[in-house]
Amino acid sequence: MTKKYIILLILTIILFCSGCGMVDSLTGGKDDKPEEVSLPSNPLERAAVQGLITSYKESTMWQIQNVEVVGSTPMAPTGVLIELQDPKEVYCVCVQYEARYKVEWSTSQGSPWEKTVRNILVIKTQGDQFLPVRPMNVCPAFCQ
């Protein structure tokens, strides 16, 4: 009787180990993480990309990759922005990137990557630092 239990135990271990390999083959055998986002050297562009990354980090169900700054446009500050931030300069920075919806604990690939273009509001403070701020109806939501 003991030999039967040992054989059954060995078969169970073999089946369990082969099942572990099947999970990897079901997910395509690759790590399905987005590419690392690199920060530009230009301080204005760097602030815009950091703002984009921060906005997507607050929503853990989204991933971004292939971030590229398309351009920037100086803007005139509005009354509310002047009251809240007192900026030296205001910019709308056009950023193009790929985004997808992905639940981290799911084994599925998530939604397909979609190209997105968005304006990020960046101010230059009185201390000459560039900071991304929440949209305040200064920039159009999408740029061209």
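Higher on the page you've got the structure.
Residues numbered from 1 in each chain as written. Predicted model: local features only at pLDDT ≥ 70, side-chain atom pairs only at ≥ 80, totals over all residues. Heavy atoms only, no water.

Trainee: How would you sum up the state of the cysteines? Please name residues and give values.
Mentor: Scanning all chains against the criterion turns up two disulfides. Between the sulfur of cysteine 92 and that of cysteine 139 lies a disulfide, 1.8 Å long from S to S. As the torsion about the S-S bond is roughly -100 degrees, the cysteine 92-cysteine 139 disulfide counts as left-handed. Of this pair, cysteine 92 sits in strand E2 (residues 89–101) while cysteine 139 is found in the segment after strand E4 (130–132), placing the two residues 47 residues apart along the sequence. For cysteine 92, a relative accessible area of 4% puts it in the buried group. Owing to a relative accessible area of 18%, cysteine 139 belongs among the buried residues under this scheme. Between cysteine 94 and cysteine 143 runs a disulfide, and the two sulfur atoms are separated by 1.9 Å. (Disulfide = S-S within 2.5 Å. Helix = DSSP H or I, 4+ residues; strand = E, 2+ residues; numbered from the N terminus. Buried < 20%, exposed > 50% of the residue type's maximum accessible area, 1.4 Å probe, protein only.)

Trainee: Provide a residue-level description of the pattern of salt bridges, including the pertinent values.
Mentor: Evaluation of the coordinates by the stated rule reveals two salt bridges. Among the salt bridges present, the one from aspartate 128 reaches lysine 88, with a minimum N-O distance of 2.6 Å. In this pair, aspartate 128 is assigned in the loop between strand E3 (114–124) and E4 and lysine 88 in the loop between helix H3 (79–85) and E2, connecting sequence segments 40 residues apart. Linked by salt bridges that have partners in common, Lys88, Lys124 and Asp128 make up one network. (Salt bridge = Lys/Arg side-chain N within 4 Å of Asp/Glu carboxyl O.)

Trainee: Account for the side chain of threonine 125, naming residues and giving values.
Mentor: Note that threonine 125 resides in the loop between E3 and E4. Its relative accessible area of 16% is what places threonine 125 among the buried residues. If sequence neighbours within four positions are ignored, threonine 125 has contacts with Lys88 and Leu131. (Contact = heavy atoms within 4.5 Å.)

Trainee: Summarise the sheet that holds E2; cite the residues concerned and give the values.
Mentor: Backbone-to-backbone hydrogen bonds pair the strands of a sheet. The strands run either parallel or antiparallel. Pairing is antiparallel across the open sheet formed by four strands, whose spatial order is E1-E2-E3-E4. Only two strands of the sheet have a single partner each, and these edge strands are strand E1 (62–75) and E4. Taken pair by pair, the neighbouring strands of this sheet meet at an average axis angle of 35 degrees, ignoring direction. Strand direction decides the pairing type here: E3 and E4, joined by three bridges, are antiparallel. The residue bridging valine 122 from the neighbouring strand is proline 132, located in E4. Across the sheet, helix H2 (residues 43–57) touches E1, E2, E3 and E4, and the angle it forms with E1 is around 140 degrees. (Pairing = 2+ DSSP bridges. Axes fitted to C-alpha atoms, helices over the stretch in contact; angles between N-to-C directions.)

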